[in-house]
Amino acid sequence: MINFTDVGKQYPNGTKALEDINLTIEQGEFVGIIGLSGAGKSTLLRCINRMHDITEGTLIVDDVDVAKLKGKQIRHFRRGIGMIFQSFNLVTRISVLNNVLVSFVPELSFWRKITGVYTKEQKVKALDALDKVGILDKAFVRVDQLSGGQQQRVALARTLAQNPDVILADEPIASLDPVTSRQVMDDFKRINRDMDISVLLNIHHVEVALEFADRIIGIRKGKIVFDGKSKDVNQDTLDEIYGGKVEEFGTDAEEESLHV
Amino acid sequence: MYDKLFPPKKILLSNGKVVHKKRSRAPFITILVAIAIYLSAYYTEFSFYTIFTRIHNFFDIIIAMMPPDWGYINHLWKPLMDTIKMSLIGSLIGAVLVLPLAVLASVNIVPNKSTAAIFKVILSLIRTLPTLVTALIATFIFGLGPIAGSIAILIFTVGYVGKLLYEQIENAEMGSFEAMESIGMTRFQAFRYAIFPQVLPSYLSTSLFCFEGNVRYAAILGFVGAGGIGLLLNQDLGWRNYSGVGMTILALVVTVFIIEQISEYFRRKLI
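Residues numbered from 1 in each chain as written. Chains lettered and ligands numbered in written order. Predicted model: local features only at pLDDT ≥ 70, side-chain atom pairs only at ≥ 80, totals over all residues. Heavy atoms only, no water.

For the rest of this paragraph, the subject is the sheet that holds strand 5 (residues 64–65) of chain A. Working definition: the strands of a sheet are paired by backbone hydrogen bonds and lie parallel or antiparallel to each other. Residue and element names in this part refer to chain A. Read across the sheet, four strands follow the order 2-1-4-5 without closing on themselves; strand pairing throughout is antiparallel. With one partner strand each, in any of the chains shown, strand 2 (16–25) and strand 5 form the two edges of the open sheet. Note that strand 1 (residues 2–10) and strand 2 share six bridges and pair antiparallel. When the bridges of strand 2 are listed, Asn3 appears paired with Thr24. Its contacts with the sheet place helix 1 (residues 41–48) against strand 1, strand 2 and strand 4 (56–61), and it is angled at close to 60 degrees to strand 2. (Pairing = 2+ DSSP bridges. Helix = DSSP H or I, 4+ residues; strand = E, 2+ residues; numbered from the N terminus. Contact = heavy atoms within 4.5 Å. Axes fitted to C-alpha atoms, helices over the stretch in contact; angles between N-to-C directions.)

Written out as structure tokens, the structure is:
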């Protein structure tokens, strides 16, 4: 469970990225976070795994007070939370399998960490993770040989190998074509359903968000302006989230993503 | 300022719009460079006259080196190998030692900006030391011979590879670094798994290129007593044994050429 109470985040230069965030996300929810670029969607996600620090309020993730964690505790805490990025953030010069194996690095002994030699058991786990996203046959291919959709699946496998309770996805389909986007979203949905992993994703494609997410959170200028079921989202709520910029359902929001 | 002295040229379009094209700075810069050349020639007493009247001495020495004393090669093997060994061991140890230094000098890896700045200053101080001077100092510490040469080359390698390496690290793509941190790695672990694979090929290539250059450096280190073939060159030039000098230079040219070819082959494979 993720619980925000009066959370605020101010950057050192004075910009308020988040204000008065009150939010409870139960284990196993599939949440789509929508809003304009710069509204604070990425900041919200990155506070959850402490890639960003909050400056006000309390944030509890699985009974852990995130703001109170220090050094080693933060790293241990992050082990339980997966993260997916718009640009995949893989190491392109090495093989798919090696990209998945990095999620075991924090568990390795000192010498294994330096040399990068993994145990057989870890290799099997990594291959299992690749199998779950359907790209087992690419295990020994270099990442730069893969298409965007395949790369995002490798990133997903890397996250699954961590065995997380929560997956945070920051614009996971923004650099993919519509068909591949759909496949990747299907992967998210399946993982969410079959493995009871909570999925929180930032997304610009409103119609995709409404189709896949059970719950939608709309953010505008660092504040939550909508929080409810996907089916309750209508034109008025979208107008409020996007500041009246969405004239036709979805189409403009899609164009918005092109400006990212 | 310049634009005020020489107003921009106006270009009138057919629809009445005016585009301003700024005047070229090239003539101004040409004049400055010409003045700089004249002044430096004046202060260093450089004269074409001396070059013309004395150049024949250069050819006299070249002619004296011909034909090279082929039998002299038997004296050359050991110092030649010493030269190669000096540069090989110096480059190798230097390239390994520089890794942690370059990481500590990279602002994107080290959270503390001043730490990175300190290591950058250390690396640039190392670079300002001329290799010949380091070699001379090393001979006082480690005695005459190849060890002093190896140390001098090691230090030069650290300075040279260090600078290029931290620049590569700072230009590396940081997305995967962020991903590694989100997995729960420390910054140094994230460097090892996200940045190191990215910079590895260019790091190896730079180190090889540095080794190539070091073979040439190692050849002159003998002049200050740091071992290798330079020692022999210095002696033979003193004794005016020009045919021996010819053989030494020939052997050196061939060796450097072969090493360059091998190194170039591997560097091409790397990129």
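What follows concerns the side chain of A:His204. Positionally, A:His204 belongs in the loop between strand 8 (198–202) and helix 8 (206–212). Here the side chain of A:His204 touches A:Glu171 through a polar contact of 3.3 Å, side chain to side chain. (Polar contact = N/O pair within 3.5 Å; in protein donor to acceptor, adjacent residues only side chain to side chain.)

Take the interface of chain A and chain B next. Counting from both sides, the interface comprises 27 residues of chain A and, opposite them, 20 residues of chain B. Carbon and sulfur atoms supply 59% of the area that chain A and chain B bury against each other, a total of about 1800 Å² over both sides. Where chain A meets chain B, there are one salt bridge. As a salt-bridge pair, A:Arg46 and B:Glu178 come within 2.8 Å of each other at their nearest N and O atoms. Of all the elements in the fold, those that place two or more residues in the side of chain A that touches chain B are helix 2 (71–78), strand 6 (81–84) and helix 4 (110–115) of chain A. The biggest single contributor to the side of chain A that touches chain B is helix 4 of chain A, with four residues. For the side of chain A that touches chain B, a count of residues per class yields 13 nonpolar, six polar and eight charged. (Buried area = accessible area lost by both parts, 1.4 Å probe. Salt bridge = Lys/Arg side-chain N within 4 Å of Asp/Glu carboxyl O. Nonpolar A, V, L, I, M, F, W, Y, C, P; charged D, E, K, R; others polar.)

A few words now on the sheet that holds strand 8 of chain A. All names here are of chain A. Sheet architecture is open: six strands sit in the order 6-7-8-3-9-10, paired in mixed fashion. Edge positions in the sheet fall to strand 6 and strand 10 (223–229), since each has one partner strand and no second. Recorded for the sheet is a direction-independent mean angle of 15 degrees between the axes of neighbouring strands.

Turning our attention to unusual backbone geometry. Note that the residue after B:Met66, namely B:Pro67, is joined by a cis bond; omega there is -15 degrees. With respect to the helices and strands, B:Pro67 occurs in the loop between helix 3 (48–65) and helix 4 (73–104). The backbone of A:Asn163 shows a phi angle near 55 degrees, a positive value even though the residue is not glycine. One can find A:Asn163 in the loop between helix 6 (148–161) and strand 7 (166–170). We classify A:Asn163 as exposed; its relative accessible area is 61%. Despite not being glycine, B:Glu45 shows a phi value in the positive range, around 55 degrees. (Buried < 20%, exposed > 50% of the residue type's maximum accessible area, 1.4 Å probe, protein only.)

Okay, the packing of aromatic side chains next. Following the criterion strictly, the structure yields nine aromatic pairs over all chains and no others. An aromatic cluster of at least three residues, connected via ring pairs, comprises B:Tyr38, B:Tyr42 and B:Tyr43. Seen from the ring of A:Phe30, A:Lys189 lies directly overhead, with NZ or CZ sitting 4.9 Å from the centre. Here the guanidinium or amino end of B:Arg192 rests over the ring plane of B:Tyr193, the centre of that ring lying 4.5 Å away. (Phe/Tyr/Trp six-rings, centres within 6.5 Å; stacked < 30°, edge-to-face > 60°. Lys NZ or Arg CZ within 6 Å of the ring centre and 35° of its normal.)

Looking now at the side chain of B:Glu212. Residue and element names in this part refer to chain B. Mapped onto the elements of the fold, Glu212 is located in helix 9 (residues 187–221). Take Glu212: its relative accessible area is 4%, and that puts it in the buried class. If we skip the residues at most four places from it in the chain, Glu212 touches Glu260, Ser263, Glu264 and Arg267.

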